[in-house]
Amino acid sequence: MRIIYAGTPEFAVPALQGLIAAGHEIVMVLTQPDRPSGRGMQLKASPVKQLALAHGLQVFQPESLKPAEVQAQIAATNADVLIVAAYGLIIPTAVLNIPARGCYNIHGSLLPRWRGAAPIHRAILAGDSETGVTIMEVVPKLDAGNMISKWAVPITASDTTQTLHDAISREGARLMVEAMHSLQTSGQLPSEVQDESLVTYAHKLEKSESGIDWTQSAVQLSRQVRAFNPFPVATARFKEQVCKLWFAQVAQTDAGVADSAPVAGNVAGTIVQIQPLLVACGDGVLQIDELQMPGGKRQTAQQFVQGQHVQVGDRFF
């Protein structure tokens, strides 16, 4: 089929690769304009653009899809289908009406749970036992289209947004290729209406949410650290410096902690053991495994303990 593919970040790369490998004709790749990146703030092409150029595909990078001349250029492709994966720009109804066989989206949750901008992060923060990916029809209302297919991904105590992102991206690509094969061979895609009573919204992450509040439970803080990896990364203050916490988990046992300091009675944020690095919380104990000091590289907790001369009784704020 003749496909317009709209995507920008790494999340959208596997599906474009899969559609190319499946033999579809990608008549246009829509991706956001090049953005400044790195210390030199040089313009950088999106991951999707880089893949498209490597395959000699037509790339179109308008700032908006609303202008009539932009819509005319899209319509001129005579595309059968528009596929969207983390594109990042609003798609007007006029554009949705262009492809003859419809518009379909790869959404990183098990709809109708977690419509919106940050579904993977919010699933971890909420303590969901699973998340996943949904192939859905694109409609003007946010993530409200009929569902074509789903795939569930369990959320474990070691999962971060990055690990789930990678798994969901791969499964989403596979489901979309399967959906396009079905559409091509049968001419239709059976779908299921979303139950509006089950809708939850995954609001965009704010950087202000990244600060650790040690009076919260170890369970909630572990979720926060893992949800904010790789961006924007959870933060805490140690010896007047703001450090990033890349990975943390709930301490599975209190064995040995009492030899260093009693957990009971410690102020939240107090380090109660250094091997492994355990920190008292409002409820429970958090084990920090990986962190980063300003200007430094990511390091293990033991590298941090040695480099910062950490002692039991020191405190995170």
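Because the structure is predicted, anything quoted here is derived from the model rather than measured.

(A) Here's a closer look at helix 6 (residues 161-186). Here helix 6 is 26 residues long and its end C-alpha atoms lie 36 Å apart, about the 38 Å a rise of 1.5 Å per residue gives. A positive phi of about 80 degrees marks Gly187, the residue just after helix 6.

(B) The arrangement of the state of the cysteines in detail. Per the counting criterion, the structure on display carries zero disulfides. Cys243 carries a free sulfur, and the closest cysteine sulfur to it, the one in Cys281, is 14 Å from it. For Cys281, a relative accessible area of 9% translates into the label buried.

(C) How the structure looks around the nonpolar core. If you look at the biggest cluster of nonpolar residues, it comprises 45 residues, and the most contacted ones within it are Tyr5, Ile26, Val81, Ile83, Tyr104, Ile106 and Met180. Ranked by the residues each element gives to this core, the list is headed by helix 6, at nine residues. When sequence neighbours within four positions are dropped, the list of residues in contact with Tyr104 reads Val81, Leu82, Ile83, Val84, Met136, Glu137, Val138, Ile148, Met176, Met180, Leu183 and Leu189.

(D) Broad picture of the side chain of His121. Looking at the element boundaries, His121 is found in helix 5 (residues 119-125). Setting aside residues no more than four positions away along its own chain, His121 makes contact with Thr161, Leu205, Ala227 and Phe231.

(E) Quick peek at the pattern of salt bridges. In total, this model carries ten salt bridges according to the counting rule given. For Glu63, the salt bridge identified is with Arg35, shortest N-O distance 3.8 Å. Of this pair, Glu63 sits in the loop between strand 5 (59-60) and helix 3 (68-75) while Arg35 sits in strand 3 (residues 35-37), and the two are 28 residues apart along the sequence. On the accessibility criterion, Glu63 (55% relative accessible area) is exposed.

(F) Unusual backbone geometry, seen in detail. Of note, the amide linkage connecting Leu111 to Pro112 takes the cis form, showing an omega dihedral of 10 degrees. Mapped onto the elements of the fold, Pro112 is located in the loop between strand 7 (103-107) and strand 8 (115-116). The omega angle of the peptide bond from Phe231 to Pro232 is 0 degrees, so this bond is cis rather than trans. When you line up the elements, Pro232 lands in the loop between helix 7 (218-227) and strand 12 (234-238). The backbone of Met41 shows a phi angle near 50 degrees, a positive value even though the residue is not glycine. The residue Met41 is located in the loop between strand 3 and strand 4 (42-44) in this model. Overall, Met41 belongs to the exposed group, its relative accessible area being 51%. One non-glycine residue, His309, adopts positive backbone phi at about 50 degrees. Tracing the chain through its elements places His309 in the segment after helix 9 (301-307).

(G) Fine view of the pairing of strand 1 (residues 2-7). Across the six residues that make up strand 1, a large majority, five, are buried. In the sheet, strand 1 pairs with strand 2 (residues 25-30) via five bridges, with the strands oriented parallel. Within the sheet, the bridge partner assigned to Ala6 lies in strand 2 and is Leu30. The handedness of the strand 1 to strand 2 crossover, carried by helix 1 (residues 13-21), is right-handed.

(H) View of the sheet that holds strand 9 (residues 130-137). The strand order across the open sheet formed by seven strands is 5-2-1-6-7-9-10, and the pairing between neighbours is mixed. In the strand order of this sheet, the two ends are held by strand 5 and strand 10 (147-154), each with one partner. Bridge count for strand 6 (residues 81-85) against strand 7 is three bridges, and the pairing is parallel. Bridging from a neighbouring strand, Ile83 pairs with Tyr104 of strand 7. Running at roughly 30 degrees to strand 9, helix 6 makes contact with strand 6, strand 7, strand 9 and strand 10 of the sheet.

What counts as what
Residues numbered from 1 in each chain as written. Predicted model: local features only at pLDDT ≥ 70, side-chain atom pairs only at ≥ 80, totals over all residues. Heavy atoms only, no water. Helix = DSSP H or I, 4+ residues; strand = E, 2+ residues; numbered from the N terminus. Expected span 1.5 Å × (residues − 1). Disulfide = S-S within 2.5 Å. Buried < 20%, exposed > 50% of the residue type's maximum accessible area, 1.4 Å probe, protein only. Core = buried A, V, L, I, M, F, W, Y, C linked by side-chain atoms within 4.5 Å. Contact = heavy atoms within 4.5 Å. Salt bridge = Lys/Arg side-chain N within 4 Å of Asp/Glu carboxyl O. Pairing = 2+ DSSP bridges. Right-handed = clockwise from strand over helix to strand, strands pointing away. Axes fitted to C-alpha atoms, helices over the stretch in contact; angles between N-to-C directions.

Remember that the coordinates give geometry; whether it matters functionally is a separate question.
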